[in-house]
Amino acid sequence: MNNYFFYDDKECEFIPVEYRTSEKVIYTLSLWILCGTVISALSISILAFTVGSPAEIALKAENRALYEQLEETRQTIVKLDHKMSEIANTDNELYRTVLGIDPISEDERQAGVGGADMHAEFDVYSANASDILRWTASNLESIERRINIQEVSFEEIKAHYNENKELMQNIPAIRPLNGIILSGYGMRRHPVLGYQRMHEGVDFRARIGTPIHATGDGVIKSTRRRGTYGLMVVIDHGHGYESRYAHLSRIEDGLSPGDKVKRGQLIAKSGNSGVTSGPHLHYEVRRNGRSVDPLNYMFADLTPDEYIEYQRIADSNPYSMD
Ligand SMILES: [Zn+2]
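Residues numbered from 1 in each chain as written. Predicted model: local features only at pLDDT ≥ 70, side-chain atom pairs only at ≥ 80, totals over all residues.

Engineer: Tell me about the pairing of strand β5 (residues 196-199), and name the residues and values.
Structural biologist: Alignment of strand β4 (residues 186-189) against β5, held across four bridges, turns out to be antiparallel. Within β5, the position partnered with M187 by the bridge is M198. With antiparallel pairing between neighbouring strands as the criterion, β4 and β5 make up a hairpin whose turn holds six residues, including G194 at a positive phi of roughly 90 degrees. (Pairing = 2+ DSSP bridges. Helix = DSSP H or I, 4+ residues; strand = E, 2+ residues; numbered from the N terminus.)

This is the structure we're talking about:
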């Protein structure tokens, strides 16, 4: 504090400035307050710049939560979209094909989706947000449209079914037994012979003696042993349809060729006769002399979900039980 001087022009010399104690205290205090204020202001500015004001922090948190919610919605939409595709597939391959109605093409199911940008209102948001919102809105519209088309299709199927009840009663359209599928229709490795060959039916898990039911109305065509099929029942359903039940252990008492059977009627007990890798039921559906995938005809018995699940199991096993 002694380093300050003032110039005395009468005496022509520098005189050291003398401060009173109270002045010194006020001076020091002012200096500290000034420094403190500057440092606080600087810190707050830096903090606000890097972290944000409390209001901004709250907004950012809300924004993050909204983004997370949108992402969850997006995943749900993807799942729904996948589900709709599976149902559309079942609709085409199962119901419509079996009933002889033309399948609905993917283009028809997607009709009206896309085209002019219907969601320009999202342009006011950031590019990222507007992309997600636009995607969400247009995919929801797509799903809605496909559900509507599916509803129309189911109505058409119902009408067709009612018009063709007699045929519908004859088509082998239920499961021959209450059990799960082990192997599906198509090229499969033979469990005993070891090489790939056409598996012309589906194999159901069945302990020896499991009740087997006729899958549609018809007439018994044969009830005898036939080579690798073992003991087998063949039912003629008319309209070009035939069903076969192989590897049986016994035929129901009194049942013989020429007898009429109703859908669901007990016809035999499963077994392990013929060439197999274990007890099971081998079930075939033939149309105009050629084998078809029996799963595609079980529309009277399976929900779309069950059909998809059966198809998945049937497709995943490279072996047949034969
Ligand atoms: Zn088989």
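Engineer: Outline the nonpolar core, listing residues and values.
Structural biologist: Formed by 38 residues in total, the largest nonpolar core has its most connected members in M232, V233, Y245, L248 and F299. Top contributing element to this core by residue count: strand β9 (residues 231-238), with five residues. When residues of this core are assigned to domains, at least three map to each of domain 2 (67-163) and domain 3 (181-316). Once residues within four sequence positions are removed from consideration, V233 is found in contact with I220, T223, Y245, L248, I251, I267 and A268. (Core = buried A, V, L, I, M, F, W, Y, C linked by C-beta atoms within 7 Å. Buried ≥ 20, exposed ≤ 12 C-beta atoms within 10 Å, placed from the backbone. Domains from an automatic or database assignment. Contact = placed C-beta atoms within 7 Å.)

Engineer: How would you summarise unusual backbone geometry if you had to cite specific residues and measurements?
Structural biologist: Most peptide bonds are trans, and most residues other than glycine sit at a negative phi. Even without glycine at this site, H239 takes up a positive phi of about 55 degrees. Along the polypeptide, H239 turns up in the loop between β9 and β10 (241-251). Here H247, not a glycine, exhibits a phi torsion of approximately 65 degrees, which is positive. Among the secondary structure elements, H247 is positioned in strand β10.

Just distances and angles here, no functional claims.
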